[in-house]
Amino acid sequence: MATTTSHHLVGTIQTSEINKMSAFHNRPGRISVKFISEGIGIVTGLIHASTSQSSLVDPVQLQSTKIDNDSRKKSNEVALILIRHGESLWNEKNLFTGCVDVPLTEKGVEEAIEAGRRISNIPVDMIYTSALIRAQMTAMLAMTQHRRKKVPIVMHDESERAKAWSQIYSAETKKQSIPVIAAWQLNERIRQIWQEQVHEWRRSYDIPPPNGESLEMCAERAVAYFKEQIEPQLLNGKNVMISAHGNSLRSIIMYLDRLTSQEVISLELSTGIPMLYIFKEGKFIRRGSPVGPSEAGVYAYTRSLALYRQKLDETLP
């Protein structure tokens, strides 16, 4: 295991295998974003902001940059990216992880970074993750590869103090950051069962394991959260990325693609592979999985996404 180190940056975050994270308000005009790794490293990003506190603005209501505005003027469509977390320690051992909170393996870190390369030309305004570290690590690592270089900041609502501490006061900082919302409703299916019993219930939809959840029960909470919290953001023109788990994402895909219970139990999602949907005129359209930033033809780009990438090419190095 690598020796723990600390790196302080201004306006950017370098990649490390991230195992715990928090965002907090240090003092007026300064936001500190800290990622704490267990035994691997500490990465701290400091974002300098204006000292003005004339107004307290909800970070979810981020002002779009010129690139985002230009692409939205040409189309009312928005992007929805779904990513199953990279390989975890228990995935590596072929164990069913459920809600056990385990980090990514080295391979999982590489998968998350590669996922980021695949979506590096697709706009992202908001990020939703589960409350589990492997999904949060995947989202953070993926965003280090995005060409806009915006900084993900975890928002907290577990208490009024935490909510106040995670507010962003500077308009300039808001433009350079992306709010990250962690929700237990996007967690993996709860499993408390002996490993040898797995095959008896794994492929069922409505039969829960002892003291656990069926896929149907997982779908009830995950889809309800998607409808109540995420879909309104898409309707408001936000491009959204969701980093979650096999069963919570299968549940959401069941809703997006109108799959039957029999179809969804046979659906397999690979770790670290992003899936792209376009939300337009109230409909979700699957566009496939981007292969790589240098292979534009396989992105299944829409005209709006192609224009967004062209604008990136023209304005960014």
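Residues numbered from 1 in each chain as written. Predicted model: local features only at pLDDT ≥ 70, side-chain atom pairs only at ≥ 80, totals over all residues. Heavy atoms only, no water.

Per an unreviewed UniProt entry, the chain carries the name phosphoglycerate mutase (2,3-diphosphoglycerate-dependent) and comes from Spirodela intermedia. Annotation of the chain in UniProt includes, under Sequence similarities (unreviewed entry), the sentence "Belongs to the phosphoglycerate mutase family. BPG-dependent PGAM subfamily." (UniProt positions renumbered as here; feature names shortened; annotations may be inferred.)

Here seven strands make up an open sheet; going across it, the order is β7-β8-β6-β9-β5-β10-β11 and the pairing mixed. Lying at the two open borders of the sheet, with one neighbouring strand each, are β7 (151-155) and β11 (283-288). On average, each strand axis in the sheet is inclined to that of its neighbour by 25°, with strand direction left out of account. Of the pairings in the sheet, the one linking strand β6 (residues 126-129) to strand β8 (residues 177-182) comprises three bridges and is parallel in character. Looking at the pairing, Y128 lines up with I181 of β8. Lying on the sheet, helix α4 (residues 133-143) is in contact with β5 (78-84), β6, β7, β8 and β9 (240-244); it crosses β9 at an angle near 140°. (Pairing = 2+ DSSP bridges. Helix = DSSP H or I, 4+ residues; strand = E, 2+ residues; numbered from the N terminus. Axes fitted to C-alpha atoms, helices over the stretch in contact; angles between N-to-C directions. Contact = heavy atoms within 4.5 Å.)

Among the nonpolar cores identified, the biggest contains 29 residues, and L80, L82, Y128, F226, L234 and I242 are the most heavily contacted of them. Secondary structure elements with two or more residues in this core: β5, β6, β7, α8 (215-235), β9, α9 (246-256) and β10 (274-280). Apart from residues no more than four positions distant in its own chain, I242 is found in contact with L80, I81, L82, I83, Y128, L186, F226, I230, L249 and I252. (Core = buried A, V, L, I, M, F, W, Y, C linked by side-chain atoms within 4.5 Å. Buried < 20%, exposed > 50% of the residue type's maximum accessible area, 1.4 Å probe, protein only.)

Let's shift gears to the packing of α8 against α9. Contact geometry of α8 with α9 gives a least axis separation of 8 Å together with a crossing angle of 65°. In terms of axis orientation, α8 runs roughly perpendicular to α9. The handedness of the crossing between α8 and α9 comes out as right-handed. Along the contact surface, α8 presents L215, C218, A219, A222, V223, F226, K227 and E231, while α9 presents N247, S248, R250, S251, I252, Y255 and L256. Along the lines of polarity and charge, the residues of the contact of α8 with α9 split into nine nonpolar, three polar and three charged. (Parallel < 35°, antiparallel > 145°, perpendicular 65-115°, else oblique. Left-handed = near helix turned anticlockwise from the far one by under 90°. Nonpolar A, V, L, I, M, F, W, Y, C, P; charged D, E, K, R; others polar.)

Moving on, we get to the confidence of the model for the chain. Residue-level pLDDT values for the chain average 74, and 68% of them are 70 or greater. Least confident of the elements in the chain is strand β4 (residues 42-48), whose mean pLDDT is 31; most confident is β6, at 98. Contacts for the low-pLDDT stretch residues 1-65, under 50 throughout, to residues beyond four places or in other chains number 154 contacts. Between residues 292-300, whose pLDDT stays under 50, and residues either more than four places distant or in other chains, the model counts 23 contacts. (pLDDT = per-residue confidence, 0-100.)

Below, the discussion takes up the pattern of salt bridges. The tally for this structure, following the rule as stated, stands at seven salt bridges. Its salt-bridge partner being K107, residue E87 comes within 4.0 Å of it at the nearest N-O pair. Remark: K107 occurs in helix α3 (residues 106-118) and E87 occurs in the loop between β5 and α2 (89-92); sequence separation between them is 20 residues. A residue is classified by how much of its surface remains accessible, and E87, at 13% relative accessible area, is buried. Notably, a salt bridge pairs R147 with D313, separated by 2.7 Å at the nearest N-O pair. On the criterion of sequence distance, the pair formed by R147 in the loop between α4 and β7 and D313 in helix α11 (residues 303-315) is long-range, its members being 166 residues apart. R147 gets classed as partly exposed once you look at its relative accessible area, which sits at 21%. With a relative accessible area of 44%, D313 lands in the partly exposed category. Here the residues in one salt-bridge network are E114, R117 and R118, joined through shared partners. (Salt bridge = Lys/Arg side-chain N within 4 Å of Asp/Glu carboxyl O.)

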